[in-house]
Each structure stands twice: as structure tokens, then as C-alpha cells.
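Observations on the model geometry
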Amino acid sequence: MNYFTIDGGSPLTGDVYISGMKNSALPIIFATVLVRGRSVLENIPKITDITGALEILRRMGAEVEWLSPSSLSISTDHLKPGTSDPELVRTMRGSLYLLGAELGRAQETKIGAPGGCGFDSRPIDRHIRCFEALGAVVDAGSSGVHATVPAGKLKGTDIFFSESTVGGTVNCILAAATAEGVTTIRRAAKEPHIVDLQNYLNLCGADIRGAGTDVITVHGVRELHGCTYRILPDMIEAGTFIVAAAATGGRVTVRDMVSSHLECIFPQLREMGVGLDVYPDRVTVSSNGKLNPTSFVSEPYPGFPTDMQPQLAMLCCLSSGGISTVTEKIFKARFQYTEELKKMGANIVLNQNEARIFGTGVLYGATVKSHDLRAGAAMIIAGLAAHGRTIVLDEKECVARGYLNFAGKLRSLGARIQEEKRK
Ligand code: EPU
């Protein structure tokens, strides 16, 4: 397992550069299954979820070559649909995107049960209903999913998601891109990753409109061809570094980001007293370490992102006096990490999907666990802000799934953090 040793108390200072967005790169990598010929993908973060996704496709027959540390070439011309390794599929949630991509390409899909961060039960009923609406017959169980298309070709239709789903919207776009006719997706997820997927597929010859709004229209095309595409910067990595600067009372410029993607967290940070100089592609964060309480509710984009909830809740623990209220509406059980923060002196009372945080203004070093990717990042930042030494045990190596060289980037800002492996 990985563990991080952190000596707190050094304000972060300097510039940090944001990598490509994990949650865009995953759907786009799986979307290459629909494409004939070679795609060159730029700004790909070499994190373990991405190398895992590439390994799944490579073992199925895809040709994958890294052209630089952040760009790769991928061709799936010789890939055999239905042959993914269930062990690898189980390592990540993003492998679900094989369903839509294989159905679109071969009118049949078969994958093992997908995994991912286990902070909540993660049903796939909305994905299945969407495939069924397009004409698939789906058999889903604990060992995986198998779907066929009795009519021989998926057919465009109207799809209405009763509640927003990022993964469901991605899978629907993937399945519909080469289906017959027009698919209209209502109450579609509006996250920037969906826009990124639309833009990649359209460069490959697809006809998809409306991503970023509630209604997406997909005009099915006969086939897709390769292209060169640059992935958007990772909004959650950017937000995590902004919180890290604020937590340590530092001054950091977060570069190579799209600031408008994070408008959803700026009001809370400003309310807490964090200084933010916002430019289109960078944000300078400054804080004197004195923080006010705030309250927020996680919601689908453009609401407050659930993937920033643990980091900002941790920041609320550092506020001096007052009560912050955090309501989690996407993954209602995403609060396991609060037990770890309590070991560092935080005062948090949980009531179902709501956490009331009584700001103590200070945290103390302790040995704590990283329960999942974003919670792990939050615990590391807590360690940077705490008095004394913190050890974050990252048993499942969650942090490396979503942050490229997290400890190294923090060290470049003056953090005293070491990452080591323990047997
Ligand atoms: N849901 C269902 N049925 C479904 C699908 C979703 O009930 O068929 C529920 C979920 O349980 C959840 C809500 O709907 O309560 C929203 O889930 P969504 O489908 O939007 O999430 P996801 O696609 O599984 C992606 C990201 C997550 C991120 C969420 C929300 C990937 C690979 N994962 O998950 O990212 O938290 O959207 O924005 O893109 C992370 O990066 O740390 C991470 C967990």
C-alpha cells in the first residue's frame, strides 16, 4: 500500500500546472472503440485509472502508444468487442463506458462487473434503461452485463433521465453516435466532461449537439474516423489545489485550468475569506489562514461538485468558530472520511446526508486512512494544514487513480510530503 508522510505547517506558495481531466479522458478513451483509424489524444493524465483503461483496450487488441508523457495514439481497428478482462474492468467505474461503445460498434456487449470508488452503492439502472430504449436486450447481474440488439442495429429514440447521471449520459451518447436515426437525451448531465466527449466525437465525424445543456441531440452517423483531440483540464484537480492553498494560508497560482468550470465553488471560498484572483485560464489563491464557516449542497453541474465535497468539508473544519453545513445529494454516503478528520481533532456531527461541522480553527497530526480518491486528497491537505506529522494510509492507492504526481506537485509548492510504499 501507499502511504503519505506529511509534516504540516508550511504555507504553499508558487505556481502549479493542472493536468488533463480524468473524467473526460476515460469516456474519450473508451469512445475510440467506435472509431476507425487512429486517434491522437493530448493532455491525457498518466494516472492509474487511465493506464488501467488503456490496458483493458490493449488486451482486447487495441494499439496504444504514448507519444509523449501526456499524449497518446490509439487505434482500435483490431479490437475484439466482448473480450475485456473482468479483473481489470473491476478496478474502475469508467469501464462501464465499454457497454455503450461496444454496443455502438458491434451491437453486442459483454463486460464483468465494474468497480470504482466504493463510497456508496452505485447502481446502473439508468444506463440499462437507456440501452433498452435504443433497442438492446440487457442481462445484468452481479457478475457483469451482457446486451444484444435483436433488430441488428440500435435505433435512435427519445430518452429522459428522471435524475441526472454523468455516466448514463456518456453511455447514451456512445450508443447513439452510430445508431440509426436521431436520439434526443433530456435532462442530460451538463458536466464539462460531456462537452469534451461531444467535441471529440464530432471531430471524428459524429453529429452531436447540445452538450452542456439539458437536451442533447445525437444524429446517428454510419461511421467515425480518427482525429487529434486535446482533453480539457481537470476541474477537480484545480479545485483541490485551490483548497490546498487556502488550507495552508498560502499563495498559489493554479495554471492551465478553465476557471469558469469552478464558478460553482468560488462563492463558498470567498465566503470563507479566501482571496481569489480569477482569470480565464488561471486562479491566484491567497489566504492568511483565517477562515469563516460556510455551507453548501452538492448537486449536478453547474451546482457544487460532489467530487469537491470532502476537500471543502475539510476546509470547513479549519474555520474559526461557527457552524458549516455540508449536504451531499449525489452520493449520500460519501462521508466515511469524517471519522478520519475526527482523529485529527475535527468536530463533525453526521445526520444522514448532512454534516454539521463546528470549526475548531486547527487540526492535529494523526495516522488516518484514505477511503477513496477525493477523500484521500482531502486527508492529505488536512495533513498539510495540521500541527505536527500526519500519516495518510492509502491502502488501495486511491489518490494515484485521479491525481497525477500529487505529492510531487505539492512538494513543488513547498509542502513537506513524502509518498512511500509499504508491504
Ligand atoms: N445513479 C443511479 N443509477 C444509475 C446511475 C447513477 O441511481 O444508473 C445515481 C448514483 O448512484 C448517484 C447519482 O445517480 O447517486 C449520480 O451518479 P452519476 O451517474 O452522475 O455518477 P457516475 O457517472 O457514476 C461520475 C464520476 C464520479 C463523479 C460523478 C458525479 C466518472 C468515472 N465518475 O460518476 O467521479 O463523482 O460522476 O459527478 O466519471 C471521482 O472522480 O472521484 C468520481 C467519483
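What counts, and at which threshold
Residues numbered from 1 in each chain as written. Predicted model: local features only at pLDDT ≥ 70, side-chain atom pairs only at ≥ 80, totals over all residues. Heavy atoms only, no water. Helix = DSSP H or I, 4+ residues; strand = E, 2+ residues; numbered from the N terminus. Buried < 20%, exposed > 50% of the residue type's maximum accessible area, 1.4 Å probe, protein only. Lys, Arg positive; Asp, Glu negative; His and termini not counted. Salt bridge = Lys/Arg side-chain N within 4 Å of Asp/Glu carboxyl O. Polar contact = N/O pair within 3.5 Å; in protein donor to acceptor, adjacent residues only side chain to side chain. Phe/Tyr/Trp six-rings, centres within 6.5 Å; stacked < 30°, edge-to-face > 60°. Lys NZ or Arg CZ within 6 Å of the ring centre and 35° of its normal. Near = heavy atom within 4 Å. Areas by Shrake-Rupley, 256 points an atom, 1.4 Å probe, with all protein chains shown as cover. Nonpolar A, V, L, I, M, F, W, Y, C, P; charged D, E, K, R; others polar.

**Let's talk about the side chain of aspartate 372**
Mapped onto the elements, aspartate 372 comes out in the loop between strand 23 (367-369) and helix 12 (373-385). No salt bridge is formed by the buried aspartate 372; its nearest oppositely charged neighbour, arginine 334, is found at 4.4 Å. Within polar-contact distance, the side chain of aspartate 372 engages the backbone nitrogen of alanine 375 at 3.1 Å.

**What to know about the packing of aromatic side chains**
Across all of its chains, the model carries five aromatic pairs by this definition. With a centroid separation of 5.9 Å and an interplanar angle of 65 degrees, the aromatic rings of tyrosine 200 and tyrosine 229 are classed as edge-to-face. Residue tyrosine 200 is located in helix 7 (residues 192-203), and its partner tyrosine 229 is located in strand 15 (residues 228-230); the two are separated by 29 residues in the primary sequence. Residue tyrosine 200 is classed as buried on the basis of its relative accessible area, which comes to 0%. Plain terms: the ring middles of phenylalanine 241 and phenylalanine 406 are 5.5 Å apart, the flat faces sit at 70 degrees to each other, and that makes the pair edge-to-face. Taken together, the residues span a long stretch of sequence, with phenylalanine 241 in helix 8 (residues 235-247) and phenylalanine 406 in helix 14 (residues 406-412) at a distance of 165 residues. You can call phenylalanine 406 buried: its relative accessible area is 3%. An aromatic cluster of three or more residues is present, and its members are Phe241, Tyr403 and Phe406. Looking at lysine 46, its charged tip hangs above the ring of tryptophan 66, at a distance of 4.6 Å from the centre. If you follow arginine 282 out to its NZ or CZ, it ends over the ring of tyrosine 279, 4.0 Å from the centre.

**Overview of the site of the ligand**
As a matter of local geometry, the ligand sits amid 23 residues, with Arg126, Thr165, Val166, Asp307 and Ile330 nearest to it. Between an oxygen atom of the ligand and a main-chain N or O atom of proline 123, the distance comes to 3.3 Å. Between the ligand and aspartate 125 there is a distance of 2.8 Å, counted from a nitrogen atom to a side-chain nitrogen or oxygen. Expressed as a share of its isolated accessible area of 840 Å², the protein-covered part of the ligand is 91%. Looking at the shell around the ligand, the elements with two or more residues in it are helix 1 (22-31), helix 5 (125-133), helix 6 (166-176) and helix 12. Considering every element that reaches the shell around the ligand, the biggest residue donor is helix 5, with three residues. Taken together, the residues of the shell around the ligand sort by class into eight nonpolar, seven polar and eight charged.

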